[in-house]
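Per-entry structural report
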Amino acid sequence: MATLGDIGVGASINILSAFLFFLVFAFLRLQPFNDRVYFPKWYFKGVRDSPTRSGAFVSKFVNLDYKSYVRFLNWMPEALKMPEPELIDHAGLDSAVYLRIYLIGLKIFVPIALVAWAVLVPVNWTNNSLDIAAHLKNVTSSDIDRLSISNIPEKSQRLWTHIVVAYGFTFWTCYVLLKEYEKVANMRLHFLATEKRRPDQFTALVRNVPPDPDESVSELVEHFFLVNHPDHYLTHQVVYNANKLAKLVKKKKKMDNWLVYYQNKLERSKTSVRPLTKIGFLGLWGKKVDAIEHYQSEIDKLKKEIPEEREKVSNDPKSIVAAAFVSFKSRWGAAVCAQTQQSRNPTIWLTEWAPEPRDIYWPNLAIPYVELTVKRLIMAVAFFFLTFFFMIPIAFVQSLASIEGLEKAAPFLKPIVEQKFIKSVITGFLPGIALKLFLIFLPTILMIMAKFEGYTSRSSLERRAASRYYLFSLVNVFLGSIIAGSALEQLKTFIHQSPSDIPVTIGTAVPIKATFFITYIMVDGWAGIAAEILMLKPLIIYHLKNTFLVKTDKDREEAMDPGSIGFNTGEPRIQLYILLGLVYATLTPVILPFIIVFFGLAYVVFRHQIINVYNQEYESAAAFWPDVHGRIVSALLISQLVLLGLLSTKKAAQSTPFLLALPVLTFAFYKYCQGRFEPAFVRYPLQEAKMKDTLEHAREPNLNLKGYLQSAYVHPVFKECDDDDDDDDHYSFEKLQPCNDRVYFAKWYLKGVRGSPTRSGTFVSKFVNLDYRSYVRFLNWMPEALKMPEPELIDHAGLDSAVYLRIYLIGLKIFVPIAFVAWVILIPINWTSNTLDIAGKQANITSTNIDKLSISNIPDRSQRLWTHVVMAYAFTFWTCCVLLREYEKVATMRLHFLATDKRRPDKFTALVRNVPPDLEESVSELVEHFFLANHPDHYLTHQTGFLGLWGKKVDAIEHYQSEIVKMKKEIPEERERVKNDPKSIMAAAFVSFKSRWGAAVCAQTQQSRNPTTWLTEWAPEPRDVYWPNLAIPYVKLTVKKLIMAVAFVFLTLFSMIPIAFVQSLASVEGLKKEAPFLNPIVKLKFIKSVMTGFLPGIALKLFLLFLPTILMMMAKFEGYPSRSSLERRVASRYYLFSLMNVFLGSIFVGSAFDQLYTLIHQSANAIPETIGFAIPMKATFFMTYIMVDGWAGIAAEILMLLPLIIYHFKNTFLVKTDKDREEAMAPGSIGFHVGEPRIQLYILLGFVYSTVTPVLLLFIIVFFGLAYAVFRHQIVNVYSQEYESGAAFWPDVHGRIVCALIISQLLLLGLLSTKRAALAAPFLLVLPVSTIVFYKYCADRFEPAFVRYPLQEAKMKDDLEHARDPDLNVRDYLQSAYVHPVFKVCDEDDEDKEHYCIV
């Protein structure tokens, strides 16, 4: 264990090393012949001349000015002199912002260190826990341990200090991060606004251009953008596969270098003997030839081959890859193209901002879409194994770099190692240098992996490599250094621990490793940074090239290798030190000064290098900052969890829970920053683009932009060549009665195509159907419901209804084949085993016939379990096949529906929220001016939203005539007041455009540089708008969603207590326990069967009756602006609630807290086993639940008892006119938020029990068949859908089915573990991974069709409509479409109008 003395020795070595590096650097930088190594940036800018060209011979190589040696450290203040704006002009925004990461380290840790040393160190030092432990238990400790939290005794009140300080450190860190994010976002926007013209500002990169047999890629690109962006398209440059040509050019350059080398060698030779070379491999063997003649002849051959290959590449269509750089006439046009979806197929015509020409990584431009997905999956798996297996050699090397390790590996070194100084060196220096040396090749490996994944720019490659380097450092340097043993041992430790024990394990180990991290910081941070400025490798390479290869000034310029920042290696190192600082700030504050020294030293060194040396290869305008911010927040979260674990070991039961709020608050802060600032780094506001275009046009009205952009994105190899040359039955009775016609066929009445049967015939026939034949055909509603074809159903009821029905069809498509296979294969295999019979005889264990049909009847370690594994694979692949086809089908149906649907206001309209207040203009004027300025060619009109909440409800007091008269006077007055009062106008508007294309552009792009104002999205159709939520501010939305997330967690957990209680009463055992006097009744066979097979299901069903209402209230509180989004949110939470309380809650016995406690305190690998073991025993319960909720529930759905009673009550007491009778009808709607989660629960049960208890599948198939017929009838005849979203809910449906599939796979894995199937179980591990890959593929392939509207589709429909109706007045059509419904006065004559009329 390292002492302060050992740390002092380590510090002395590293300080001496750093000082030595600085001294050598100060000497070398002053020598004239090193000027191009230490000041290359100024040479590239052409503002510095070589000092070796003038003066005496000696002064060309050695600086003879002794005064300059006296001021050898003056480079430090000089590096700090340049102001930040000048630094941005000089080196670019990337470099300036990169330096701010070091400043963040200083801003965070200097105040934290002062507080920690003033408060925590005295609190820790003044205890004597370690002294007592040393006296009683012979526990050794060092002086550093006495300065840490390890010196605080258990259950000490002093631990409150650490908690309070942890809150203080967190709030300070978040404050610094917030201010820096805001500052960097503003710097980026200012940089983009003031920067000189660049080709990437006008250009979009188009990938996955689809092949066309009739046109070349170039012609196809030109035609596509001329059609879909006719007013903005300018030119394009196709991408060539010039890899072979690049190799030839590279080879020629190499030959040129060798030729120059031998020519120089001959010139410097004192003899006339010509140099020779061997023409074999690497010049090591083969025939000796004249070197100059050999290389001259090779160069001559290449000079012929290069033009031929270039001509071949230029003219061969196979050399043109499916990608192009498309340039536009304005930045606005490029921003629109880069930020919108172009085609209905989201995997072709993929557009993104083009990287700047220097930033492009050309070899990755032509990788197809599917290949990209596969490559990234391969690299994800490879990185996982690299991270864990790399730990083995690291642990070995580090063990050798310790006293114990050396004495064990080399006992003969013990006399040397035991010497005090050597021991101090090994303890305070060697571990850090060993780890540093071993990680040298990691950045290269990670960069190769990033290139293989197909990223198209150097900046994205570096960001990807940096992200993985940080994860690697987190696992191997941080966790790997804390927990002893190899990576596999660590992984085993974590897997076999309960989740609650992991923070405790890490928290206990962290203080012990403080000395190791101090040595690592000194080696890697102090000495490493000092070595960075010396630039030893570039220095040697430059002088070698200058000596042997340089002839001209151009050769000398090429010999300079200034390098660049190296974001992929530098940023992860900073993040590791930030992590160490945040973790140890409250544990061992002594580490903080070492970290502060690193940040201060690194800031000065890298500022010097950026100013004088580094020549940045690209400029991304600080696009990496969201990654930097995210990793600092993750470090903050890790530090809080580690402190939480450590306090658990201190048995601080009272104080520890107070830390639980910190991670929640930190995560909420991260989400706020992400929503507030991140859009500025991934989007380009149209407002900014328009302003810059207008300004540039005013300055340079005659700018030839085409000439400027024509050759900007030509493959660099072509440029190099030029230099050389110079993308139910009771219901049946009820429905036949004429008096119920408006209840059971409400939809046809609302459509006006069905007449009331009560208006003709005898008095009795108006109320009772007297035709006996209709009663014979009482079930004819089923085939009638199935008659209507799907296209006709879509026209009749809308796409939402038709697609909702397809969910039931999916259940049938999936489970009918699965049930057939399971009954043919699995049930015989289960039944023919006799495990339960043997257990019944030997252990007196009771079992049912259903159990004998399940996997429970298979003995442990049986080879029959392989059948279940094979069936799991088959069922998964069949399910994925069905889901893929359905996703493709529904996506096609949606696009066809949008393409052929009648004109709707929402297709011309965008909803704008968070309109910023303006003292000089009203909201209406502000909206009009903003969109006239930024969308001058497309803006048409707008309608601001009103609050519209006043007075009493008129319908409630209709029988009071006098009150009606008063209301008739008050309503117009209040209406006029609301319309004229600025306070009644919400900060939201519906902005309509002249075309669908214009609306698509606005809805899919960022409008303002502040991403929390002028928020645009597709307007919901007028019926779908939920008006009360339109005016909620951005910050308030974030807070509301956080509150509701926490509320839902507690609702889910606390609901389990009454559910478990009700279910216990609904069982035979529960009733016997709670009401023993009922024992004689309960023992009756029929009563017992009813209670076992019916009561549990009905009890659970009744208890969940009010859940949808509660969840809908929560969703409304969160601020969703449309009814469809409200229902989708409720459906999502209803499913999670059902998963936790109906599925898992029915499997486990006890309250939710008991369940949660059980799961948390189990090892990670034991959780699937626990659930898997309990599942077969609950099959009978789920059968009863399906029969109650599914069979009986669906049959009750078609009866519509509540609407039937309400209609007849209203018809008897309130109806006077036909209009009153129409209003008395309450047809309802599908109820997606209730129905879809129920379907998903049954799908989950089907997947889980398909390989466990297949008998359950028959019950599920009956449900899906019955439900499909019932809901098809209801949709055709009854339901009147309140809105139409174009099946926007389908991605959620698909995701939840895939989630159910993965859960079933994990549970089967756990069940096989309980069966001791050691060989069969591991083969299931591939299934969840494959299913996740399938989900990602479907999400990328089809999901964009549900969240975006392709510009190609919008343009086609606009052109078609313009051709059909050239005189259409869109303004009149849209003028009142989005007026608040309270302002609409709807007459009977308006019912047939095309716009929506809400009563």
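Residues numbered from 1 in each chain as written. Predicted model: local features only at pLDDT ≥ 70, side-chain atom pairs only at ≥ 80, totals over all residues. Heavy atoms only, no water.

1. Some points on the overall build of the protein chain
In terms of regular secondary structure, the protein chain is built from 67 helices and 10 strands. Going through the 1399 residues of the protein chain one by one, you find that 53% of them count as buried. Element-wise, carbon and sulfur atoms account for 62% of the exposed surface of the protein chain, whose accessible area totals about 64200 Å². (Helix = DSSP H or I, 4+ residues; strand = E, 2+ residues; numbered from the N terminus. Buried < 20%, exposed > 50% of the residue type's maximum accessible area, 1.4 Å probe, protein only. Areas by Shrake-Rupley, 256 points an atom, 1.4 Å probe, with all protein chains shown as cover.)

2. Things to note about a nonpolar patch on the surface
Together, L377, V381, F384, F385, F389 and V1329 line one region of the surface with nonpolar side chains, adding up to about 500 Å² of accessible area. Among the elements that make up the nonpolar patch, the one with the highest residue count is helix 15 (residues 369-389) (5 residues). In this structure, F385 sits in helix 15. Owing to a relative accessible area of 42%, F385 belongs among the partly exposed residues under this scheme. (Patch = residues over 30% accessible without salt bridge, like charges linked within 9 Å, V, L, I, M, F, W, Y side chains within 5 Å. Salt bridge = Lys/Arg side-chain N within 4 Å of Asp/Glu carboxyl O.)

3. Here we look at the packing of aromatic side chains
Across all of its chains, the model carries 47 aromatic pairs by this definition. Considering the side-chain rings of Y102 and F598, the 6.3 Å spacing of their centres and the 55° angle between planes classify their relative orientation as tilted. On the criterion of sequence distance, the pair formed by Y102 in helix 7 (residues 93-125) and F598 in helix 29 (residues 592-612) is long-range, its members being 496 residues apart. One exposure class covers both Y102 and F598, and it is buried. (Phe/Tyr/Trp six-rings, centres within 6.5 Å; stacked < 30°, edge-to-face > 60°.)

4. Things to note about the sheet that holds strand 2 (residues 233-240)
Taken together, the 4 strands give an open sheet; going across it, the order is 2-5-1-6, and neighbouring strands pair in antiparallel fashion. In the strand order of this sheet, the two ends are held by strand 2 and strand 6 (350-353), each with one partner. With direction set aside, neighbouring strand axes in the sheet form an average angle of 25°. Summarising the sheet, strand 1 (residues 203-207) and strand 6 pair through 4 bridges and their orientation is antiparallel. (Pairing = 2+ DSSP bridges. Axes fitted to C-alpha atoms, helices over the stretch in contact; angles between N-to-C directions.)

5. A closer look at helix 63 (residues 1290-1314)
Relative to the 36 Å expected for 25 residues at 1.5 Å per residue, helix 63 spans 37 Å between its end C-alpha atoms, a close match to the ideal helical length. Counting buried residues along helix 63, 21 of its 25 residues qualify, which places the element largely inside the surrounding structure. Just downstream of helix 63, R1316 is the residue with a positive phi angle, here 55°. (Expected span 1.5 Å × (residues − 1).)

6. Topic: the pairing of strand 9 (residues 985-993)
For a regular strand, the rule is simple: side chains alternate between the two faces of the sheet. Counted residue by residue, strand 9 has 8 buried out of 9 residues, so it is predominantly covered. Examined bridge by bridge, strand 7 (residues 909-913) and strand 9 share 5 bridges and lie antiparallel to one another. Paired with V912 across the bridge in strand 9 is A989.

7. Points about the side chain of T1253
Inspection of the secondary structure puts T1253 in the loop between helix 61 (1232-1250) and helix 62 (1256-1277). Note on T1253: relative accessible area 0%, which makes it buried. With residues up to four places along the chain from it excluded, the contact list for T1253 reads I850, S854, P1176 and A1179. (Contact = heavy atoms within 4.5 Å.)

8. Considerations on helix 22 (residues 458-482)
Across its 25 residues, helix 22 extends 34 Å between first and last C-alpha, which sits within 8% of the 36 Å expected from 1.5 Å per residue. At S473, helix 22 shows its strongest bend, of approximately 30°. For helix 22, a buried count of 19 out of 25 residues is recorded, marking the element as mostly surrounded by other parts of the structure. (Bend = angle between axes of the 7 residues up to and from the residue.)

9. Points about unusual backbone geometry
At N208, a position not held by glycine, the phi torsion is positive, near 55°. Considering the arrangement of structural elements, one finds N208 in the loop between strand 1 and helix 11 (217-228). Within the chain, A622 stands out as a residue other than glycine whose phi angle is a positive 60°. Mapping A622 onto the fold places it in the loop between helix 29 and helix 30 (625-649).

10. Observations concerning the pattern of salt bridges
Per the counting criterion, the structure on display carries 20 salt bridges. Residue E298 is joined to K301 by a salt bridge in which the shortest nitrogen-to-oxygen separation is 3.8 Å. Placement of both E298 and K301 in helix 13 (residues 291-315) is noted, with a separation of 3 residues, approximately one turn of the helix. The salt bridge involving E886 is made with K813; its shortest N-O contact spans 2.6 Å.

11. Looking at the environment of V1142
Among the structural elements, V1142 can be located in helix 55 (residues 1123-1147). As a C-alpha pair, V1142 and F1182 span 40 residues in sequence and 9.3 Å in three-dimensional space.

12. Quick notes on the packing of helix 6 (residues 84-91) against helix 29
The interhelical angle for the contact between helix 6 and helix 29, taken along N-to-C directions, is 50°, at an axis separation of 9 Å. With respect to each other, helix 6 and helix 29 are oriented oblique. On helix 29, the residues touching E84, L87, H90 and A91 of helix 6 are R607, I610 and I611. Of the residues assigned to the contact of helix 6 with helix 29, the class counts are 4 nonpolar, 1 polar and 2 charged. (Parallel < 35°, antiparallel > 145°, perpendicular 65-115°, else oblique. Nonpolar A, V, L, I, M, F, W, Y, C, P; charged D, E, K, R; others polar.)

13. Some details on the environment of V1234
Counting through the fold element by element, V1234 comes out in helix 61. Taking the C-alpha atoms as reference points, V1234 and A1131, 103 residues apart in sequence, are found 6.4 Å from one another. Look past the residues within four positions of V1234 in its chain and what remains in contact with it is P1108 and Y1134.

14. Considerations on the nonpolar core
Core analysis: the biggest nonpolar cluster contains 279 residues, and F478, W625, F931, F1143, L1245 and W1290 have the highest contact counts within it. Discounting chain neighbours no more than four positions away, the residues touching F478 are S473, V510, F517, L576, L579, L580, V583 and I638. If you look at the next biggest cluster of nonpolar residues, it comprises 36 residues, including Y262, I320, C337 and F718. (Core = buried A, V, L, I, M, F, W, Y, C linked by side-chain atoms within 4.5 Å.)

15. Comments concerning the state of the cysteines
Enumeration over the complete set of coordinates arrives at 0 disulfides. Not engaged in a disulfide, the cysteine C673 finds its nearest cysteine sulfur in C174; these two sulfurs lie 7.7 Å apart. Here C673 falls in the buried class, since its relative accessible area comes to 0%. (Disulfide = S-S within 2.5 Å.)

16. Details of the packing of helix 10 (residues 159-194) against helix 31 (residues 661-677)
Contact geometry of helix 10 with helix 31 gives a least axis separation of 11 Å together with a crossing angle of 5°. If you check the angle between helix 10 and helix 31, you find them roughly parallel. Contact with helix 10, carried on its side by A166, Y167, T170, C174, L177, L178, Y181, E182 and A185, involves A661, L662, T666, F669, Y672, C673 and F677 of helix 31 and no other residues of that element.

17. Re the side chain of N830
Locating N830 in the fold gives a position in helix 42 (residues 799-831). Of the residues examined, N830 reaches a relative accessible area of 0% and is grouped as buried. In contact with N830, other than residues within four places in its own chain, are K852, L853, S854, I855, N857, I858, H868, V1252 and P1254.

18. Re the confidence of the model for the protein chain
On average, the protein chain scores 76 in pLDDT, and the residues at 70 or more come to 71%. Here residues 484-491 scores under 50 on pLDDT; set against residues more than four positions off or in separate chains, the count is 14 contacts. For the stretch residues 1385-1399, pLDDT sits under 50, and the model shows 18 contacts to residues farther than four places along the chain or on other chains. (pLDDT = per-residue confidence, 0-100.)

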